[in-house]
Amino acid sequence: MVRVQLPFHLRTLAACDEEVAVEVPAPVTLLATIRALENRFPTLRGTIVDYHTGQRRPKLRFFACAEDISLTPLQHALPDEVSSGREPLLIVGAISGG
Amino acid sequence: MSTVRVLVGTRKGAFILTSDATRQTWEVDGPHFAGWEVYHMKASPVDPQRIYASQTSDWFGQIIQRSNDGGKTWEQPGTPPGEASVGEDGMPLAESNKFVYDTSTGSGKPLTTHQWYDGTPHPWEFKRVWHLEPSLQDPDTVYAGVEDAALFRSSDGGENWQELAGLRGHGTGKDWMPGAGGMCLHTIVLDPNDEQRMFAAISAAGAFRSLDGGKTWRPINKGLVSNTIPDPTAEVGHCVHRIDMHPSLPNVLYMQKHWDVMRSDDGGDSWTEVSGDLPSDFGFPIAVHAHEPETIYVVPIKSDSEHYPPEGKLRVYRSRGGGNDWEALTNGLPQENCYVNVLRDAMCVDSLESCGIYFGTTGGQVYCSADSGDNWHAIVRDLPAVLSVEVQVIA
C-alpha cells in the first residue's frame, strides 16, 4: 500500500482524510499511484495530472522522503520507502499569499 | 407564493440566496465549494432543481458540479457519492471534468493554434469553464463556454463533453487573440423560439451566430468599432463583454462591448451604437427587462484602466427605449466612495410581474431591486468578489 497525503481542497473533493492508502500495482510509479488514487476517488480525476498535457499541474508539488520529486518523470519508480508504505507521498499545493 | 433563488458565484465559493416574491428578506446559504472559484452557476429552465456549477482552481483545474435538489447537495456528474464510478473494465464511467478540444480530421477543421499576445501562433490550452447555459428544452443538455475560447455541449447532464468545433474552425479562429482577462467564451444566448439559433461572444474575438444548433458559425461584428485593434472595423478581434436578448424580439440583440453599448435589429447582421448619454460606455454586463423588451440595463465603469464606477457612484443605468436615452438608478446604491466593479456574468433579471434586477460586485455585495431598478437594497454585503449572479423564480 502506498500512503498519500493530500492538500485540503483535494481532501474536500474526495471526502477523505488527510492521508489515504492505495494499492498500487508494480512498478510503483508516481503515475501509477495517481491513477490508483483517481480510481479510488474519481472526483479527483484531472485535478493532479492535467487531462490535456498528461503532466503534473504546475501549482502542485510531490514530496517523498524529504525530497522534492516534482521534476522526476511520472513514469519513474517511487523510492522503496514510499512504495513499501514506510514513508508517505506528499501532494502539496503551492503556497500563495497576499 | 413564489420562491426566488439567486445563485451567486464568487472567488471563494458559491452562495444561494432565497426569498419569497416580495424579495425583501433573504436567507443566505453557503459557501458551497469553499475556497474555490465558482465562475458560474445556472439552473435548467425545464427542471429548476437541476443546477450546474463551474468550480475551478489555478491549482487543481476544472470541476463540474451538478445539483438535483436546488443546491442542497452536489455531485460531480456521473460520479454520485457512494456509487461505483468505474466500469467493469476499470475505466471511468464519466469524464465530467474533461474538456478536450476537437483536433480530429473528422471534424473537417482541425485547428490547433490561435494568436498569442505577440502575434505568434499559440496552441489552444483549456483553462476553465466561464459560463454554463442549460438547454431551454432538455435538463440533461447544457452548453459550456470555456477559456481558451471554445464551446462544448453535454447531452448527458454534464457527464461527458464534446466540443462544437465549428465555432473555432469556421475560419477566423486562428486570428483570435486573448484580452487581458484571457481568451474566454463567456456568453451563450439561446433563442427560446428556435434552439437551433444561438449566439456566442468571445473576448477578444467578437460575437458569433449559429443557425444549426452550433454546428456551423459565422462572425456577426459588422458595425462594431474598436480602436484597440489595428483595423477598428475588422471582422473579428472585438472585445465583446456581454450580449442579451428578449425572447419576444429575437432579432433585437443588445451588447456591452469593451467600450460602447450596441444594438442590432437584424439578429446580429449589423450593429449600431446606443451609448447615448451614458457617463461612460465602458462596462461589462447588460440585461433586458423581463417584460419590456426595449428596457435595458447597464452599469457604466469609468474606463478599461480604472475598473470602478465614474465619480465613485454606483449607478445602474436604464433605457426604456432600447438605448441612447438613459436614466441613472441610484436609490439605495452607494453614491460616494464606491470603487467596485460589476463583472459580465454578474447581472440578471427575474420573471416576476414586478421585474427584479440583481447584480453582484467585486466588493462582495449583491444588490436587488424588486421594482425594475427604481429602488435597491443589498441582499448581502460582505461576500468574496462576485463573479456571477443568476436568478430563478420557483412556483
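Our subject is the structure that appears above.
All values derive from a computational prediction rather than experimental measurement. (Residues numbered from 1 in each chain as written. Chains lettered and ligands numbered in written order. Predicted model: local features only at pLDDT ≥ 70, side-chain atom pairs only at ≥ 80, totals over all residues. Heavy atoms only, no water.)

(A) Local environment of the overall build of chain A. In terms of helices and strands, chain A carries three helices and five strands. Against the 2.2 N^0.38 benchmark of 13 Å for 98 residues, chain A shows a C-alpha radius of gyration of 12 Å, consistent with a compact globule. In terms of its C-alpha atoms, chain A occupies a principal-axis envelope of roughly 40 × 25 × 25 Å. Relative to its 98 residues, chain A shows a buried fraction of 45%. Put simply, of all contacts in chain A between residues at least 6 apart along the chain, 50% involve residues at least 24 apart. Carbon and sulfur atoms make up 54% of the accessible area of chain A, which totals about 5000 Å². Each charge class in chain A was averaged separately, 10 positive and 11 negative side chains, and the resulting centres sit 8 Å apart. (Helix = DSSP H or I, 4+ residues; strand = E, 2+ residues; numbered from the N terminus. Rg over C-alpha atoms; globule rule 2.2 N^0.38 Å. Buried < 20%, exposed > 50% of the residue type's maximum accessible area, 1.4 Å probe, protein only. Contact = heavy atoms within 4.5 Å. Areas by Shrake-Rupley, 256 points an atom, 1.4 Å probe, with all protein chains shown as cover. Lys, Arg positive; Asp, Glu negative; His and termini not counted. Charge placed at Lys NZ, Arg CZ, Asp CG, Glu CD.)

(B) Representation of the overall build of chain B. Summing up its helical and strand segments, chain B has zero helices and 29 strands in all. Expected size for 395 residues packed as a compact globule is a radius of gyration near 21 Å; at 20 Å, chain B falls within 12% of this value. Over its C-alpha atoms, taken along the principal directions, chain B stretches across nearly 60 × 50 × 40 Å. Classification of the 395 residues of chain B by burial places 59% in the buried group. For chain B, the proportion of contacts with a sequence separation of at least 24, taken over those separated by at least 6, is 51%.

(C) Fine view of the sheet that holds strand β21 (residues 286-288) of chain B. Residues and elements named next belong to chain B. Pairing is antiparallel in the open sheet, where four strands are placed in the order β21-β22-β23-β24. The open sheet has two edge strands with one neighbour each: β21 and β24 (327-329). Between one strand axis and the next, the sheet turns through 30 degrees on average, direction left out of account. Two elements, strand β23 (residues 316-319) and β24, share three bridges in a ladder whose sense is antiparallel. Among the inter-strand pairings, Val316 is bridged to a residue of β24, identified as Leu329. (Pairing = 2+ DSSP bridges. Axes fitted to C-alpha atoms, helices over the stretch in contact; angles between N-to-C directions.)

(D) Quick look at the pattern of salt bridges. All names here are of chain B. In the structure shown here, the tally under the stated rule is 31 salt bridges over all chains. Here Arg66 and Glu75 are joined by a salt bridge, their closest N and O atoms 2.9 Å apart. Each member of the pair, Arg66 as well as Glu75, carries the same accessibility label: buried. Between Lys127 and Glu125 there is a salt bridge, and its shortest N-O distance comes to 3.9 Å. Residue classification places Lys127 among the partly exposed positions, given a relative accessible area of 31%. (Salt bridge = Lys/Arg side-chain N within 4 Å of Asp/Glu carboxyl O.)

(E) Structural detail: the environment of Gly157 of chain B. Residue and element names in this part refer to chain B. Considering the arrangement of structural elements, one finds Gly157 in the loop between β11 (150-154) and β12 (162-163). Put simply, Gly157 and Val386 are 229 residues apart on the chain and 26 Å apart in space, counted from C-alpha to C-alpha. Filtering out sequence-adjacent residues up to four positions away, Gly157 remains in contact with Arg50, Tyr52, Arg66, Pro77 and Asp140.

(F) Molecular detail of the interface of chain A and chain B. On the chain B side, the residues contacting the 18 residues of chain A number 24 residues. Here chain A packs against chain B, burying approximately 1800 Å² in sum over the two surfaces, 58% of which is carbon and sulfur. If you look at where chain A meets chain B, you find two salt bridges. For Glu95 of chain B, the salt bridge identified is with Arg45 of chain A, shortest N-O distance 3.6 Å. Where chain A touches chain B, the interface holds five residue pairs in polar contact (both at pLDDT 80 or more). Grouping the constituent residues of the side of chain A that touches chain B by class yields seven nonpolar, eight polar and three charged. (Buried area = accessible area lost by both parts, 1.4 Å probe. Polar contact = N/O pair within 3.5 Å; in protein donor to acceptor, adjacent residues only side chain to side chain. Nonpolar A, V, L, I, M, F, W, Y, C, P; charged D, E, K, R; others polar.)

(G) Quick look at the nonpolar core. Grouped together as the largest cluster of nonpolar side chains are 41 residues, with contacts concentrated most on Leu6, Leu37, Ile48 and Phe62 of chain A. Sort the elements by how many residues they give to this core and helix α2 (residues 30-40) of chain A lands first, with four residues. Residues Ala287, Val299, Cys338 and Ile379 of chain B belong to the second largest nonpolar core, which totals 35 residues. (Core = buried A, V, L, I, M, F, W, Y, C linked by side-chain atoms within 4.5 Å.)

(H) Local environment of the sheet that holds strand β1 (residues 2-5) of chain A. Residues and elements named next belong to chain A. A sheet is described by the order of its strands in space; here five strands give the open sequence β2-β1-β5-β3-β4, paired in mixed fashion. This sheet does not close on itself; its edge strands, each paired only once, are β2 (19-22) and β4 (67-68). Pairing of β1 with strand β5 (residues 89-93) involves two bridges; the strand directions are parallel. The residue of β5 that forms the bridge with Val4 is Leu89. Seen against the sheet, α2 touches β1, β2, β3 (60-64) and β5 and runs at an angle of roughly 105 degrees to β2.

(I) Molecular detail of the side chain of Asp281 of chain B. Residues and elements named next belong to chain B. By the secondary structure assignment, Asp281 is in the loop between β20 (272-273) and β21. Within the buried core, Asp281 has no salt-bridge partner, and the shortest N-O distance to an opposite charge, that of Lys257, equals 7.9 Å. For Asp281, the side chain forms a polar contact with the side chain of Ser275, separated by 3.4 Å. Setting aside chain neighbours within four positions, we find Asp281 in contact with Gln256, Lys257, His258, Trp259, Asp260, Val261, Glu273 and Ser275.

(J) Expanded view of the side chain of Thr187 of chain B. Residues and elements named next belong to chain B. Relative to the helices and strands, Thr187 resides in strand β13 (residues 184-190). For Thr187, a relative accessible area of 1% gives the class buried. Looking at Thr187, its side chain comes within polar contact range of the side chain of His186, at 2.8 Å. Filtering out sequence-adjacent residues up to four positions away, Thr187 remains in contact with Phe199, Ala200, Ala201, His241, Arg242 and Ile243.

(K) The packing of aromatic side chains, seen in detail. The full count for this structure, using the stated rule, is 16 aromatic pairs over all chains. Against the face of Trp59 of chain B rests Lys59 of chain A, its NZ or CZ located 4.6 Å from the ring centre. Sitting over the face of the ring of Trp124 of chain B, Arg168 of chain B holds its NZ or CZ atom 4.6 Å from the ring centroid. (Phe/Tyr/Trp six-rings, centres within 6.5 Å; stacked < 30°, edge-to-face > 60°. Lys NZ or Arg CZ within 6 Å of the ring centre and 35° of its normal.)

(L) Structural view of the state of the cysteines. Residue and element names in this part refer to chain B. Scanning all chains against the criterion turns up zero disulfides over all chains. Between Cys355, a cysteine without a disulfide, and Cys348, which holds the nearest cysteine sulfur, the sulfur-to-sulfur distance is 9.5 Å. Among the cysteines around Cys368, which has no disulfide bond, Cys348 carries the closest sulfur, lying 9.3 Å off. (Disulfide = S-S within 2.5 Å.)

By themselves, these are just geometric observations and shouldn't be taken as functional.
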